[in-house]
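Structural characterization, general
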Amino acid sequence: MDLITLAAIAGNVSTIGYGLAAIGPGIGIGIVFGKAIEATARQPELSGRIQVLMWLGFGLIEILALLGFIAYFIFK
Amino acid sequence: MQVLAVDGIKLFLPETYDVVWSAIILVIIAVFFYKFFLPKLQSVFDERTAKIEGGIAKADKAQQDAAEAKKKYEAQLNTARVEASKIRDDARAEASHIIADARSRAETDAAQIATNAQRSIASQQQQALVKLKGEVGTLATALAGKILGAKLEDDAVQSHMLDQMIDGMDSGDKK
Amino acid sequence: MMIVSAAGSVLASSGFQVPSIDEFLPPEIMFQGTPFALNRIILIRLIATVVMLLVLGITAMRARLVPGRWQGAVEWIVEFIRDKIVYEVMGEVRGKRYVPMITTIFLSLLVFNICGIVPGMNIAASATIVVPLMWALWTFCQYWIAAVRGKGLKKYLKDELLPDGVPWPIYFILVPMQLLDIVVIRPFSLTIRLFANMIAGHILVALCFSATQFFLIDAENKLLMGFGAITFLGGFIMILFEAFVAAIQAFIFATLSTVYINLSYPEELE
């Protein structure tokens, strides 16, 4: 295989699919944790409640990225 | 580059033996934690808490005891001090009493001795006077006899003369 | 840039072994064909279990009033799970009965995940779909049981599917979504999160080290040995990262289980 053939795209489109799927959850998780930190800083006495909600939101968002990840294996 | 040798979907299809082993392991671990590990650790925690609380209570009690003992000792010390001062006062009083006693006894003794001495002096004087009187009488009689001769051999005359002379001596003394 | 692509071409043209998901489907090595067949991952899981039970068992047996260093560490972890995961979310009264469950989940998953970076094992004991699935199903059962006992099934479904303060047209979207959430998404998100993290972590580490192996030993062109050093360093960093991921995934699994169970109880009962 020479350099020219290397430049050709070989492999699986689902790799790109995962990259795309990770964008949204990446932003989402950033927002969730950032806001949780902000809220805790504003009202430290509510930190327990905030953390619970934070993990709930995190769980919902992260599953989207992970669905993209397993789609790579499933729809090969 | 061969990336995926088998179907990726197989990753998500559980094998029977995998399920069996996972279930067995989960049950074993769960039983271990439920029945042995956590109760055991919890008992250690409880024991520790009890010990710490007991220790604090004990320390409190010890402090209380110490305070009580201190109070007791101080009270005792106070009584002792009072007693000591009392004893000292008593001793002082007794000492002065003894001194006074001794002094009075000594004074009495001295007075008695003096009286005795006076009395004995007086009696000796008396004795000496009586003796002297007798001897003077005899001497005078003898002397007078020698001077007057036999005249005076009669006892009656002799005593009459002697009395006269002594009276004269007495009146002479009184002068 | 040229060198990188040259390295890439060498990688692509030679017999470089890219780690594949085959490693998560190892062949059966004992009792083939029976329900008790053993493969590499299950063997690792058994060993990890035995080691964990022995170590913790001996620690608990010899637990003394004045803890030594090791006992102190174990106690710290146990108290962390109890106070920072369970009681923080549920409160002490409600959380008491779930402490053993969450401790089991957290510690077993932690040990299983750590196997991924133990030399000689090199694959997490939780790296088949069944382990996270099993553990997630336990959580699933627990929060449905808790729903029946805590709120009552009717009240629970009403709270989850038809929450107050939502205009009624929204219910057409909300009800199927929420139903999907409490029946499917919750257990499967727990499962897939852990499983996918284990796969990705293992492949990253294995990729770095197999590339190191290739560049340092197998490649004819010795100019490429520099890449070997870089990939080795990368592999080392990936191992540290994997240790972090192992702990954080165990923590997330335990925390989310607690949160899901807590949602089955009426709010603010504490």
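Right, let's talk about the overall build of chain B for a bit. Looking only at helices and strands, chain B features two helices and zero strands. Out of the 175 residues belonging to chain B, those deemed buried represent 15%. About 13,600 Å² of surface is accessible on chain B, with carbon and sulfur atoms providing 60% of the total.

The next thing to look at is the pattern of salt bridges. Residues and elements named next belong to chain C. Under the defined criterion, the tally for this structure stands at 13 salt bridges over all chains. The residue Asp159 makes a salt bridge to Lys151 at a minimum N-O spacing of 2.9 Å. In this structure, the salt-bridge partner of Asp159 is Lys155, at a minimum N-O distance of 3.0 Å. Of this pair, Asp159 and Lys155 both sit in helix α7 (residues 153-161), separated by four residues, roughly a single helical turn. Overlapping salt bridges, with partners in common, bring together Lys151, Lys155 and Asp159 in one network.

Attention now moves to the interface of chain C and chain B. Listed by partner, the interface residues are 52 residues for chain C and 42 residues for chain B. When chain C packs against chain B, close to 4,200 Å² is buried across both sides, 78% of that on carbon and sulfur atoms. One can count two salt bridges joining chain C with chain B. Close ionic contact of Asp18 of chain B with Arg45 of chain C constitutes a salt bridge, the shortest N to O distance being 2.9 Å. At the boundary of chain C with chain B, the tally comes to eight residue pairs in polar contact (both at pLDDT 80 or more). For the side of chain C that touches chain B, the element with the highest residue contribution is helix α2 (residues 40-61) of chain C, accounting for 10 residues.

A few words now on the packing of aromatic side chains. All chains considered together, the criterion is met by 25 aromatic pairs over all chains. With a centroid separation of 5.8 Å and 80° between ring planes, the pair formed by Phe33 of chain A and Trp55 of chain A is classed as edge-to-face. Placement of the pair is Phe33 of chain A in helix α2 (residues 13-42) and Trp55 of chain A in helix α3 (residues 47-74), with a sequence separation of 22 residues. Here Phe33 of chain A falls in the partly exposed class, since its relative accessible area comes to 25%. Here a set of aromatic residues connected by ring pairs shows up, and it is made of Phe33, Trp55 and Phe58 of chain A together with Trp76, Phe80, Phe106 and Phe251 of chain C. Over the ring of Tyr98 of chain C we find Arg97 of chain C, and its NZ or CZ is 5.9 Å from the ring centre.

Reading guide: rules and limits
- Residues numbered from 1 in each chain as written.
- Chains lettered and ligands numbered in written order.
- Predicted model: local features only at pLDDT ≥ 70, side-chain atom pairs only at ≥ 80, totals over all residues.
- Heavy atoms only, no water.
- Helix = DSSP H or I, 4+ residues; strand = E, 2+ residues; numbered from the N terminus.
- Buried < 20%, exposed > 50% of the residue type's maximum accessible area, 1.4 Å probe, protein only.
- Areas by Shrake-Rupley, 256 points an atom, 1.4 Å probe, with all protein chains shown as cover.
- Salt bridge = Lys/Arg side-chain N within 4 Å of Asp/Glu carboxyl O.
- Contact = heavy atoms within 4.5 Å.
- Buried area = accessible area lost by both parts, 1.4 Å probe.
- Polar contact = N/O pair within 3.5 Å; in protein donor to acceptor, adjacent residues only side chain to side chain.
- Phe/Tyr/Trp six-rings, centres within 6.5 Å; stacked < 30°, edge-to-face > 60°.
- Lys NZ or Arg CZ within 6 Å of the ring centre and 35° of its normal.

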